[in-house]
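Structural characterization, general
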Amino acid sequence: MVRVVKHKSMNWIERLYIFEAFRGLYTTIKHFLRGFFRYETLPTTGYPEVKPYIPRDYRAKHRMMLRPDGTPRCVACFMCATACPAHCIFIEAAQSEDGRIEKRVARFDIDHSVCIFCGLCVEACPLDALRMDTCETSFVHRKREDFIVSLYDLTNWDPKDYPDDPQSQVAPGGTKNKQALAAWGEVQ
């Protein structure tokens, strides 16, 4: 169904745009003087010193989930790389030493200079191995090569930063790691 929006026609004074330009200048000068004389009333934060609140479900920098023994949960199924519209995920698979797992990831790189942070890679992962809940939104590097995040960088996170996530606490250093290691050993 097409919706038609009717605009009222402008008179000759409005078509000159002079008064509209002065109204815009008035708004600009009003905000400038407010910031110049009453700076404390501006709705700003001192960014480098005061970090803004970022919720956990915000799509931020990626991280790779770990098994209880510290290996990445990724089984190199290539579903995240297939779902990625920016084609910024590069995976190399290798044979796994563990008999329960067919493949393991040997190389997993994400190019954050190309990534559009859509979250489709996280939704496509069948094992919940890839997440975007780090709340890191600042990407500042001097070289383009530094934007490529390797498997080491993706697995280098601390479970203490995610106290409410039970899956993160299963990783080495987490509160549930010993129980998970015991259950992991019983399955073998």
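Reading guide: rules and limits
Residues numbered from 1 in each chain as written. Predicted model: local features only at pLDDT ≥ 70, side-chain atom pairs only at ≥ 80, totals over all residues. Heavy atoms only, no water. UniProt positions renumbered as here; feature names shortened; annotations may be inferred. Helix = DSSP H or I, 4+ residues; strand = E, 2+ residues; numbered from the N terminus. Buried < 20%, exposed > 50% of the residue type's maximum accessible area, 1.4 Å probe, protein only. Polar contact = N/O pair within 3.5 Å; in protein donor to acceptor, adjacent residues only side chain to side chain. Contact = heavy atoms within 4.5 Å. Salt bridge = Lys/Arg side-chain N within 4 Å of Asp/Glu carboxyl O. Domains from an automatic or database assignment. Pairing = 2+ DSSP bridges.

Labelled according to an unreviewed UniProt entry, the protein chain appears under the name NADH-quinone oxidoreductase subunit I, originating from Fibrobacter intestinalis. According to the UniProt record, the Subunit (unreviewed entry) comment for the protein chain reads "NDH-1 is composed of 14 different subunits. Subunits NuoA, H, J, K, L, M, N constitute the membrane sector of the complex." Of the comments in the UniProt record for the protein chain, the one headed Catalytic activity (unreviewed entry) reads "a quinone + NADH + 5 H(+)(in) = a quinol + NAD(+) + 4 H(+)(out)".

**Observations regarding the side chain of Ser96**
Examined against the element boundaries, Ser96 turns out to sit in the loop between strand E2 (89-95) and strand E3 (103-111). Ser96 gets classed as buried once you look at its relative accessible area, which sits at 14%. A distance of 3.2 Å separates a polar side-chain atom of Ser96 from the backbone nitrogen of Asp98. Ignoring sequence-local partners within four residues, the contact set of Ser96 consists of Ile101, Glu102, Lys103 and Arg104.

**Some remarks on the UniProt feature "binding site: [4Fe-4S] cluster 1" (unreviewed entry) in the protein chain**
In this structure's numbering, the residues bearing the UniProt feature "binding site: [4Fe-4S] cluster 1" (unreviewed entry) are Cys74, Cys77, Cys80 and Cys125. The annotated residues occupy 52 residues of the chain but converge on a single region, no pair of C-alpha atoms lying more than 10.2 Å apart. With respect to the helices, strands and loops of the structure, Cys74 is situated in the loop between strand E1 (63-64) and helix H3 (79-83). In this structure Cys74 comes out as buried when scored by relative accessible area, which is 10%. Excluding its chain neighbours within four sequence positions, the residues that come into contact with Cys74 are Met64, Arg67, Arg104, Val105, Phe108 and Ala129. Inspection of the secondary structure assignment puts Cys77 in the loop between E1 and H3. Exposure remark for Cys77: the relative accessible area of 34% places this residue in the partly exposed category. In this view, Cys77 contacts Lys103 and Pro126; residues no more than four positions away in its chain are not counted.

**Some remarks on the pattern of salt bridges**
Side-chain pairing between opposite charges can occur once the charged atoms of the two side chains come close. The tally for this structure, following the rule as stated, stands at eleven salt bridges. Across the pair Arg131 and Asp128 runs a salt bridge, and its minimum N-O distance is 2.5 Å. With a closest N to O distance of 4.0 Å, Asp133 and Arg131 form a salt bridge. For Asp133, a relative accessible area of 11% puts it in the buried group. Look at Arg131 and you get buried, because its relative accessible area is 13%. The structure contains a network of salt bridges with shared partners spanning Arg63, Asp128, Arg131, Asp133 and Asp165.

**A closer look at the UniProt feature "binding site: [4Fe-4S] cluster 2" (unreviewed entry) in the protein chain**
According to UniProt, the positions carrying the feature "binding site: [4Fe-4S] cluster 2" (unreviewed entry) are Cys84, Cys115, Cys118 and Cys121. In terms of the greatest pairwise C-alpha distance, the residues named above, spread along 38 residues, form a tight cluster of at most 10.5 Å across. Within the element layout of this structure, Cys115 appears in the loop between E3 and helix H4 (120-124). Not counting chain neighbours up to four residues away, the residues in contact with Cys115 comprise His62 and Cys88. Tracing the backbone through its elements, the reader meets Cys118 in the loop between E3 and H4. Setting aside its immediate chain neighbours within four residues, Cys118 contacts Arg59 and Pro85.

**What about the domain arrangement of the protein chain?**
Taken domain by domain, the protein chain holds domain 1 (13-41) and domain 2 (61-169). Taking only C-alpha atoms into account, the centre of domain 1 sits 48 Å from that of domain 2.

**Here we look at the pairing of E3**
Looking down a regular strand, the side chains alternate between one sheet face and the other. Pairing of E2 with E3, which is carried by seven bridges, proceeds in the antiparallel orientation. Opposite Ile89, over in E3, you have Ile110 as the bridge partner.

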